[in-house]
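Single-letter residue listing:
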Amino acid sequence: MIYADNAATTRMSKAAIQAMLPYMEEAYGNPSSLYAFGQQAKEALEDARSRIAACLHADPREITFTSGGSEADNQAILTAAALGARKGKKHIVSTAFEHHAVLHTLDKLKSQGYEVTLLDVHADGLVTPDQVAEAIREDTCLVTVMYANNEIGTIQPIAEIGAVCREKGVLFHTDAVQTVGHLPIDVEKENIDMLSLSAHKFHGPKGIGALYARRGVVLEPLIRGGAQERRKRAGTENVPAIMGMAAALEEACAHMKESNARLLRLREKLMDGLDKIPYSEVNGDRTHRLPGNVSFCFEGIEGESLLLLLDDKGVCASSGSACTSGSLDPSHVLLAIGRPHEVAHGSLRLSLDASLTEADMDSIIGAVTEVVTYLRSISPFWRDLVTGKRPHVFAE
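Since the structure is predicted, the reported quantities are computational estimates derived from the model, not experimental observations. (Residues numbered from 1 in each chain as written. Predicted model: local features only at pLDDT ≥ 70, side-chain atom pairs only at ≥ 80, totals over all residues. Heavy atoms only, no water.)

Colleague: I'm lost on the environment of L219 in this one. Help?
Modeller: Secondary-structure assignment places L219 in the loop between β8 (209-213) and α8 (228-231). The class of L219 is buried, set by a relative accessible area of 5%. The sequence separation of L219 and A76 amounts to 143 residues, and the corresponding C-alpha distance is 7.3 Å. Ignoring sequence-local partners within four residues, the contact set of L219 consists of T64, Q75, T79, M194, L211, A213 and K232. (Helix = DSSP H or I, 4+ residues; strand = E, 2+ residues; numbered from the N terminus. Buried < 20%, exposed > 50% of the residue type's maximum accessible area, 1.4 Å probe, protein only. Contact = heavy atoms within 4.5 Å.)

Printed below as a string of structure tokens:
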């Protein structure tokens, strides 16, 4: 099996597993307890907070543990909305291709009287700082733009967007779930006020993440109850998972340079191979993208059939976000960059890990080429394209 869906989730690293075990078997106390056994867990918790903060160039007090990226996105956006409402500011700027954890939260706010501006995304999958600057108004309380897209991997000019927001006095949040552990991040230099991350995207455990919130941004708790996380998120902290997250992030950051160099070689080999399939195109900018992300559209096929047949050939891939894999609708991300519905249905996302080999890339190229050829051979839609009854979208 070739696992090429690392944007959906990653295999837990041995370092993460080993870091978790003592806090399940030995130091399993509740970190809110006052006796020494509980305080042992508390010390570990704060050590992990410091280590995660160091990877982001943040202060440990700016890190709040959550259940993952979706919760962190929700808390960041709802916090900014609440802070804005107190000042009479109820306008939010975002983009049309955000993760649904962002878009659905914005939909909720619209039903409560907030106004949302979703910026159009260029065909290359990028948003410009000028677009953000033009969209900000006197009543804007938040700009939220994802760091790197979860489907097409394009990396946004976050530092420049953050600088625009800082100049205009508007809070800036970025969903960095696909970025943390894969690209170097400095929240201070990049003018980021709030940032969401999730451990299982960088070889940590599922069900744990964090929200960075700059000093002075008072988070609105989504979960109320106890005084955990400085009253910003009630509920006993998941100490084993937090320890695993810290270990995984430190390891990812320590090996980032060499891993990304390898991923870039693998990515280019894979993209060059898939480029040879007629009537196919890369989704998003070819270079301003995550090192391990490959996203293509193929004319004349349907993505679900492509994935199932690739699975039969031992290749695990996706057509977009794992969070929407049950939907029959084409990807909102691909529609946002201008792909027509009939092409967006034929998408493929391959997200690589540095443990893969060039031989794996050859196998993927061969499998995708064979499956695309087969699906086209039985497709009435493809027959219409070949006979000229329908025009091609892509050049051969």
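Colleague: So what exactly am I meant to see when it comes to the nonpolar core here?
Modeller: One recurring pattern in soluble globular proteins: nonpolar side chains tend to sit buried together. L56, V132, V143, V180, L195, F202 and M245 are the most contacted members of the largest nonpolar core, which totals 61 residues. For this core, the leading source of residues is helix α9 (residues 239-254), giving nine residues. Not counting residues up to four positions away in its chain, the partners in contact with M245 are I52, F65, L197, A199, F202, P205, I208, G209 and A210. Listed in part, the 29 residues of the second largest apolar core include F296, I364, V371 and L375. (Core = buried A, V, L, I, M, F, W, Y, C linked by side-chain atoms within 4.5 Å.)

Colleague: Help me understand the side chain of R349, please; the structure alone is not making it clear to me.
Modeller: Along the chain, R349 turns up in strand β12 (residues 347-351). Among the residues examined, R349 registers a relative accessible area of 2% and is labelled buried. Looking at R349, its side chain comes within polar contact range of the side chain of D5, at 3.1 Å. A polar contact of 2.5 Å, which involves the side chain of R349, links it to the backbone oxygen of N150. (Polar contact = N/O pair within 3.5 Å; in protein donor to acceptor, adjacent residues only side chain to side chain.)

Colleague: Explanation requested: a nonpolar patch on the surface in the structure shown.
Modeller: Where nonpolar side chains cluster on the molecular surface, the patch consists of Y28, Y35 and F37 and spans about 350 Å² of accessible area. Position of Y28 among the secondary structure elements: in the loop between α2 (22-25) and α3 (36-56). (Patch = residues over 30% accessible without salt bridge, like charges linked within 9 Å, V, L, I, M, F, W, Y side chains within 5 Å. Areas by Shrake-Rupley, 256 points an atom, 1.4 Å probe, with all protein chains shown as cover. Salt bridge = Lys/Arg side-chain N within 4 Å of Asp/Glu carboxyl O.)

Colleague: Help me understand helix α5 (residues 100-110), please; the structure alone is not making it clear to me.
Modeller: An α-helical turn contains 3.6 residues, so any two residues separated by three or four positions project in the same direction. Every buried residue belonging to α5 is among A101, V102, L103, T105, L106 and L109, and all of these are buried. Taken together, the buried residues of α5 touch α4 (69-86), β3 (91-95), β4 (115-119), β5 (140-144), β6 (171-175) and α12 (332-336).

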